Amino acid sequence: MSVKVSERSKSKAEYLNKLLELNKRIGQTVANGPKKYQASYGDRLIATALDALAHATEANSIYVGKGRNSEGDYRLRRDLLLKARGEVIALSTLASVYFRIMRDVDAIAPRSAEKAFSRMESIALLCEDAKSLINGVIKSDRERYHG
C-alpha cells in the first residue's frame, strides 16, 4: 500500500538531502559569480558547505545503540551534528557578506542584482531549513538516548 505524498513524514536523514542541495546551490553561485572573489569568498563558501555535509554524513553513519559504547557514540554523533549546524550558520553569514560585497563594491546592474538577491534568498532558506532539520535530529537523539 502506498502513502500519499501529502501524508508522508520527512525522513530522519532529510538534513543530508538539504545539505546536498545547499552544496549544489553554493557551487552554482560561486561558479557564476565574479572571478575576483573566487579565492577569497568563493573557495571559503564551498569549503564550509562541504565541511557541513561531511560532518553531517559522518554523524549519520553513527548508530547509537545500547551497550557500553552508546554514551561515546551519542556524544560523537552529537558533536558532529553541532559542528555541521555551526558550519551551516557560518555559511549563511559568509554568503550574506559575499552578496553584499558584490552589490556594494561591484555596483551590479539592477537585473543582475535581482538575480543575485534571488540566489541569496535561496541559500538563506536552504541554510535555515538545514539548520532546523539538524536541530530536529539533535533533539530526537537526545530524547531517544536520555529518555
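Structure shown above.
Residues numbered from 1 in each chain as written. Predicted model: local features only at pLDDT ≥ 70, side-chain atom pairs only at ≥ 80, totals over all residues. Heavy atoms only, no water.

**A closer look at the nonpolar core**
The biggest cluster of nonpolar side chains holds 34 residues, and the ones touching the most others in it are Tyr-15, Leu-19, Leu-22, Ile-26, Leu-45 and Ile-134. Ranked by the residues each element gives to this core, the list is headed by helix H3 (residues 70–106), at eleven residues. (Core = buried A, V, L, I, M, F, W, Y, C linked by side-chain atoms within 4.5 Å. Buried < 20%, exposed > 50% of the residue type's maximum accessible area, 1.4 Å probe, protein only. Helix = DSSP H or I, 4+ residues; strand = E, 2+ residues; numbered from the N terminus.)

**As for the pattern of salt bridges**
Scanning all chains against the criterion turns up five salt bridges. Among the ionic contacts, a cluster of salt bridges with common partners joins Arg-77, Asp-141 and Arg-144. (Salt bridge = Lys/Arg side-chain N within 4 Å of Asp/Glu carboxyl O.)

**With respect to the packing of helix H2 (residues 38–60) against H3**
The geometry of H2 relative to H3 is characterised by a closest axis approach of 8 Å and an angle of 160° between their N-to-C directions. One element, H2, and the other, H3, form an angle in the roughly antiparallel class. Handedness of the crossing formed by H2 with H3: left-handed. Tallied by class, the residues present in the contact of H2 with H3 amount to 16 nonpolar, four polar and six charged. (Axes fitted to C-alpha atoms, helices over the stretch in contact; angles between N-to-C directions. Parallel < 35°, antiparallel > 145°, perpendicular 65-115°, else oblique. Left-handed = near helix turned anticlockwise from the far one by under 90°. Nonpolar A, V, L, I, M, F, W, Y, C, P; charged D, E, K, R; others polar.)

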